[in-house]
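# Summary of the model geometry
If you want the building blocks of each chain, they are given just below.
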Amino acid sequence: MSEKKAVIGRPKNETASKEIKDQAIALVRAQGYGNVSISDIIKAAGVSRQTLYNRWASKAELVLEAFFELTGAQVAAPDLSSDIPRRDLLARFLREVFDHLDSEGDCIRSLIAAAQMDDDFRDIFWARFVSPRADLVTALLKDAQKRGELEATRDVDLLSSFIHGTFWYRLLNGQPIDASLADDIADDIFRV
């Protein structure tokens, strides 16, 4: 015999999480991270403060989860099971990242600015947004080494830092981040 657990309180509104994240993204896009409050998000989403805090402990966690999901939906992880040369996989991945940064550049810059002002936010930004993407590039480079497409003596962690440093620097300074840059980076990483 199975026991039924009693449900206390109202059931969770499954659409509320999506609406809260959608409104958080819209507000940050329009106003920048630092100019958006929890109250603004609650009002725009039409939910209670408790509804929001039942899902996220802070504005930073909410906003970064929303942007991480958005990025994940727009930028697929490189398919390391494919036979595509890893140079081409890297270039394709970077083109997708750069397309996303092109459309979300102002918003991402506001998140980076907030990370410089708030240590807790910086830690969450690194853990939820930056590090997972860096890990994808590092894994791709390690796989390229296993396949003999990248010299075994190359430091893949350092190469990943070079790649990310290049486009973060350009993003922060308003320089072009485009398909040409993606190809140039891939060519340089895999040069013989």
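Coordinates for the structure precede this section.
Residues numbered from 1 in each chain as written. Predicted model: local features only at pLDDT ≥ 70, side-chain atom pairs only at ≥ 80, totals over all residues. Heavy atoms only, no water.

## Overview of empty space enclosed by the protein
- Evaluation of the coordinates by the stated rule reveals 1 cavity of 30 Å³ or more.
- The calculated volume of the largest cavity comes to roughly 120 Å³.
- Every residue lining the largest cavity is listed: Thr71, Phe93, Leu94, Val97, His100, Leu101, Phe129, Val130, Arg133, His164, Phe167 and Trp168.
- Those elements that place two or more of their residues in the lining of the largest cavity are α5 (86-117), α6 (119-146) and α7 (156-172).
- In terms of residues, the lining of the largest cavity owes the most to one element, α5, which gives 5 residues.
- Among the residues forming the lining of the largest cavity, the class breakdown is 8 nonpolar, 3 polar and 1 charged. (1 Å grid on protein atoms, 1.4 Å probe; cavity = no way out; pocket = protein on both sides within 12 Å on 5 of 7 lines; lining within 4 Å. Points joined across faces, edges and corners; volume = space filled by probe spheres on them. Helix = DSSP H or I, 4+ residues; strand = E, 2+ residues; numbered from the N terminus. Nonpolar A, V, L, I, M, F, W, Y, C, P; charged D, E, K, R; others polar.)

## Regarding the pattern of salt bridges
- Evaluated as defined, the whole model comprises 13 salt bridges.
- Note that Arg147 and Glu149 form a salt bridge whose closest N and O atoms lie 2.7 Å from each other.
- For Arg147, a relative accessible area of 34% corresponds to the partly exposed category.
- Across the pair Asp188 and Arg191 runs a salt bridge, and its minimum N-O distance is 3.1 Å.
- A relative accessible area of 43% places Asp188 in the partly exposed class.
- One connected set of salt bridges, linked through shared partners, spans Arg87, Asp88, Arg95, Asp183 and Asp187. (Salt bridge = Lys/Arg side-chain N within 4 Å of Asp/Glu carboxyl O. Buried < 20%, exposed > 50% of the residue type's maximum accessible area, 1.4 Å probe, protein only.)

## Some details on a negative patch on the surface
- Together, Asp99, Asp102, Asp178 and Asp184 make up a region of like negative charge exposed at the surface.
- Assignment of secondary structure puts Asp178 in the loop between α7 and α8 (179-189).
- Residue classification places Asp178 among the partly exposed residues on the basis of a relative accessible area of 34%. (Patch = residues over 30% accessible without salt bridge, like charges linked within 9 Å, V, L, I, M, F, W, Y side chains within 5 Å. Areas by Shrake-Rupley, 256 points an atom, 1.4 Å probe, with all protein chains shown as cover. Lys, Arg positive; Asp, Glu negative; His and termini not counted. Charge placed at Lys NZ, Arg CZ, Asp CG, Glu CD.)

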